[in-house]
Number of protein chains: 2
Amino acid sequence: MDLSSCSLNSITVRSASLPELLELAGRHGFGGVGLWRDSYAALGAQEAARRTAAAGLRVTSVCRGGMFPQPTPQARAEAHADNLRAIDEAYTLGADCLVMVCGPAPDGDLTGARRQIADGLAALLDAAAAAEIRLAVEPMHPMMAADRSAITSLGEAVDLVERIASPWLGLAIDTYHVWWDIALPDLLARAAAAVHTVQLADWVLPIQGQLSSRGMPGDGHIDMPGFVQLARAVGYRGLIEVEVLSDHWWSRPPAEVARAAAEALSRIPAPN
Amino acid sequence: MDLSSCSLNSITVRSASLPELLELAGRHGFGGVGLWRDSYAALGAQEAARRTAAAGLRVTSVCRGGMFPQPTPQARAEAHADNLRAIDEAYTLGADCLVMVCGPAPDGDLTGARRQIADGLAALLDAAAAAEIRLAVEPMHPMMAADRSAITSLGEAVDLVERIASPWLGLAIDTYHVWWDIALPDLLARAAAAVHTVQLADWVLPIQGQLSSRGMPGDGHIDMPGFVQLARAVGYRGLIEVEVLSDHWWSRPPAEVARAAAEALSRIPAPN
């Protein structure tokens, strides 16, 4: 793939400052960056937006809003307020979308958590519309059901998004979370117009915990060329992010990681 | 739950010999045992059957057949032959079913692997019918898609079993693999008659690799009373196995583990 069609997510080079991230993205010809909120916390969203634009890069996603299921009304109100701040930051950054990591059940009640998630998303739609920021629900790998998100499959996420039915609500599709699903092609085709961002990370064995043992695209078991081809075939036109949470790569210098990411993406054939 | 409605799987007390397993199951009043094939390899299936019957225990499952996707015709033939041996052993043991761990894609091609799985299952049905041994496809947690099974969700397993449509082909339902699935209640209801065995293990954090960091029922995030209630409500009448693959519990003496398992099951309310 041409790197101008790709985006470097800040978490991939976690120890880089925002200026370093922008320099690395520019050096390798990435078209954009994906920003976790901690990546611009020191500079602030406004200064981060200025520098990103000056570097000729777009912001493909901001990570994250979400965490809707909470044990008390007070905690729910705090999560809602934080989500409004995240929408505001995404607006300031001109981001393509705000990724929603919807949150686990605080009490083991998945059904109740899913209800809180649907309600919490619906309560953000006016703010999202006003800021023209699309919220992108990220179905997360089922191994994260207990600690990251009760939205555990693409099918569930598509149903949720279709039920709420807003132009400001769609999907964040990360290979790492959904590659195993036999329904992946059908669901992506069905939800094509709602795919707000696409992210790549590979499944490498053995996994070391549920969060951060991901691999560079091509280093693991996922059919990356097939996935990219599929995403383009259903009509996704945005940049493709490389988002690799990895204890291994986090232990390496950011410049080395960015180079590895650039090389990994270059090895994926450009889709037809 | 009354332990006479439960079964102690050999892998839960992995270091116990078969006589020790039978003694432990009898001591706590279990109604049966689930047997991994290595548990009776030293004695042989016939002697294992004799001793199990003498202990007044039934064999609720034999684990495992499967591993259908193979890189060569020769390797496929070997897997088929091994599956016939497993059916024969299950027959000798009078087991309620033979659990099928269907196997991963040897080459990253999940679609091809799934085709080999369907073909491989179909090729065993005559032998299963002749032995009157039900084959129980176990949908496995998606985090095992790369190294244990390309059958990664209950929905996929139910579709597969319905498509082949044989009284000798059904499902093995393990909480650990399917608890996260929003479709679990609907799918269990739909496939109720095909549920050949039900197994319990809990999801405890953090996970240490994808295979053996499971918890005793009640020690983790899964709603065990709810699951047992659901399994009984849809009509499952067999014993409920406790099958806990756990580096932690494997490091403890089998007697301690069996006692912990018995106590864990006793704490689950008897379903209505």
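Everything discussed here concerns the structure shown above.
Residues numbered from 1 in each chain as written. Chains lettered and ligands numbered in written order. Predicted model: local features only at pLDDT ≥ 70, side-chain atom pairs only at ≥ 80, totals over all residues.

Colleague: What's the story with the overall build of chain A in this structure? I'm lost.
Modeller: A tally of regular secondary structure across chain A gives 11 helices and 10 strands. For 272 residues, the compact-globule estimate of 2.2 N^0.38 gives 19 Å, and chain A sits close to it at 17 Å. Counting all 272 residues of chain A, 54% fall into the buried class. Put simply, of all contacts in chain A between residues at least 6 apart along the chain, 79% involve residues at least 24 apart. (Helix = DSSP H or I, 4+ residues; strand = E, 2+ residues; numbered from the N terminus. Rg over C-alpha atoms; globule rule 2.2 N^0.38 Å. Buried ≥ 20, exposed ≤ 12 C-beta atoms within 10 Å, placed from the backbone. Contact = placed C-beta atoms within 7 Å.)

Colleague: Is there a simple way to think about the relation of the copies chain B and chain A in this case?
Modeller: In this arrangement, two copies of a chain are superimposed by a rotation about an axis accompanied by a shift along the axis. Overlaying chain B with chain A gives an RMSD of 0.0 Å, the required rotation being 180° about an axis along which the chain moves by 0.0 Å. Taken together, the rotation and translation relating the two chain copies correspond to the operation of a two-fold axis. Comparing contact sets, 100% of the residues at the interface of chain B also lie at the interface in chain A, consistent with an isologous, same-surface contact. (Least-squares fit on C-alpha atoms with pLDDT ≥ 70 in both.)

Colleague: Explanation requested: the nonpolar core in the structure shown.
Modeller: Within soluble globular proteins, side chains that are nonpolar generally end up buried alongside one another. In terms of nonpolar packing, the biggest core is built from 190 residues, with Leu 98, Leu 135 and Val 137 of chain A together with Leu 98, Leu 135 and Val 137 of chain B touching the most fellow members. Residue contacts for Val 137 of chain B: discarding those within four places in its chain leaves Met 100, Cys 102, Ile 151, Ala 157, Leu 160, Val 161, Leu 171 and Ala 172 of chain B. (Core = buried A, V, L, I, M, F, W, Y, C linked by C-beta atoms within 7 Å.)

Colleague: Looking at this structure, how should I read the sheet that holds strand β4 (residues 98–101) of chain A?
Modeller: Each strand in a sheet pairs with another by means of backbone hydrogen bonds, the pair being arranged parallel or else antiparallel. All names here are of chain A. Read around the closed barrel, eight strands run β1-β2-β3-β4-β5-β6-β7-β10, paired in parallel fashion. The mean angle between the axes of side-by-side strands here comes to 30°, regardless of whether they run parallel or antiparallel. Inspection of the sheet shows β4 paired to strand β5 (residues 135–137) by three bridges, in the parallel sense. Residue pairing for β5: Val 99 is matched across the bridge by Ala 136. (Pairing = 2+ DSSP bridges. Axes fitted to C-alpha atoms, helices over the stretch in contact; angles between N-to-C directions.)

Colleague: Explanation requested: the sheet that holds strand β2 (residues 32–36) of chain B in the structure shown.
Modeller: Residue and element names in this part refer to chain B. Overall, parallel pairing links the eight strands, which are arranged β1-β2-β3-β4-β5-β6-β7-β10 in a closed barrel. Going from strand to strand, the sheet's axes swing by 30° on average, the running direction of each strand aside. With four bridges connecting them, strand β3 (residues 58–66) and strand β4 (residues 97–101) associate as parallel partners. The residue bridging Gly 65 from the neighbouring strand is Met 100, located in β4.

Colleague: How do you make sense of the interface of chain B and chain A when you look at a structure like this?
Modeller: A common way to state how big an interface is: give the accessible area lost once the parts meet. Between chain B and chain A, the contact holds 22 residues from the first and 22 residues from the second. Looking at the side of chain B that touches chain A residue by residue, the classes come out as 10 nonpolar, seven polar and five charged. (Nonpolar A, V, L, I, M, F, W, Y, C, P; charged D, E, K, R; others polar.)

Colleague: Whenever I open this one, the environment of Thr 60 of chain A confuses me. Can you help?
Modeller: All names here are of chain A. Its place among the elements puts Thr 60 in strand β3 (residues 58–66). A tally of 28 C-beta atoms within 10 Å means that Thr 60 is categorised as buried. Beyond its immediate chain neighbours, meaning those up to four positions away, Thr 60 contacts Ser 7, Gly 32, Val 33, Gly 34, Asp 96, Thr 197, Gly 238, Leu 239 and Glu 241.

Colleague: What is the right way to look at the pairing of strand β6 (residues 169–174) of chain A in this model?
Modeller: When a strand is regular, its side chains alternate between the sheet's two faces. Residue and element names in this part refer to chain A. For β6, the buried fraction is high: six of the six residues fall into the buried class. With helix α6 (residues 154–164) bridging β5 and the parallel β6, this β-α-β connection has right-handed handedness. Both β6 and strand β7 (residues 195–200) contribute to a ladder of four bridges, which runs parallel. Note on β7: the bridge partner recorded for Leu 171 is Val 195. (Right-handed = clockwise from strand over helix to strand, strands pointing away.)

Colleague: For this particular structure, what's the right way to read the packing of helix α2 (residues 45–54) of chain A against helix α3 (residues 73–93) of chain A?
Modeller: A pair of packed helices can be characterised by two numbers: the angle between their axes and the separation between those axes. All names here are of chain A. Where α2 meets α3, the axes come as close as 8 Å, and the angle between the chain directions of the two elements is 30°. If you check the angle between α2 and α3, you find them roughly parallel. Two packed elements cross with a definite hand, and for α2 against α3 that hand is right-handed. Within the contact between the two elements, α2 uses Ala 45, Gln 46, Ala 48, Ala 49 and Thr 52 and α3 uses Glu 89, Thr 92 and Leu 93. In the contact of α2 with α3, the residues fall into four nonpolar, three polar and one charged. (Parallel < 35°, antiparallel > 145°, perpendicular 65-115°, else oblique. Left-handed = near helix turned anticlockwise from the far one by under 90°.)

Colleague: Help me understand the packing of helix α1 (residues 18–28) of chain A against α2 of chain A, please; the structure alone is not making it clear to me.
Modeller: Residues and elements named next belong to chain A. One can describe the packing of α1 onto α2 by two numbers: an axis separation of 10 Å at closest approach and a directional angle of 20°. Considering the angle they form, α1 stands roughly parallel to α2. Of the two possible hands of crossing, α1 and α2 adopt the one that is right-handed. In contact with Leu 18, Pro 19 and Leu 22 of α1, α2 contributes Ala 48, Arg 51 and Thr 52. For the contact of α1 with α2, the class distribution of residues is four nonpolar, one polar and one charged.

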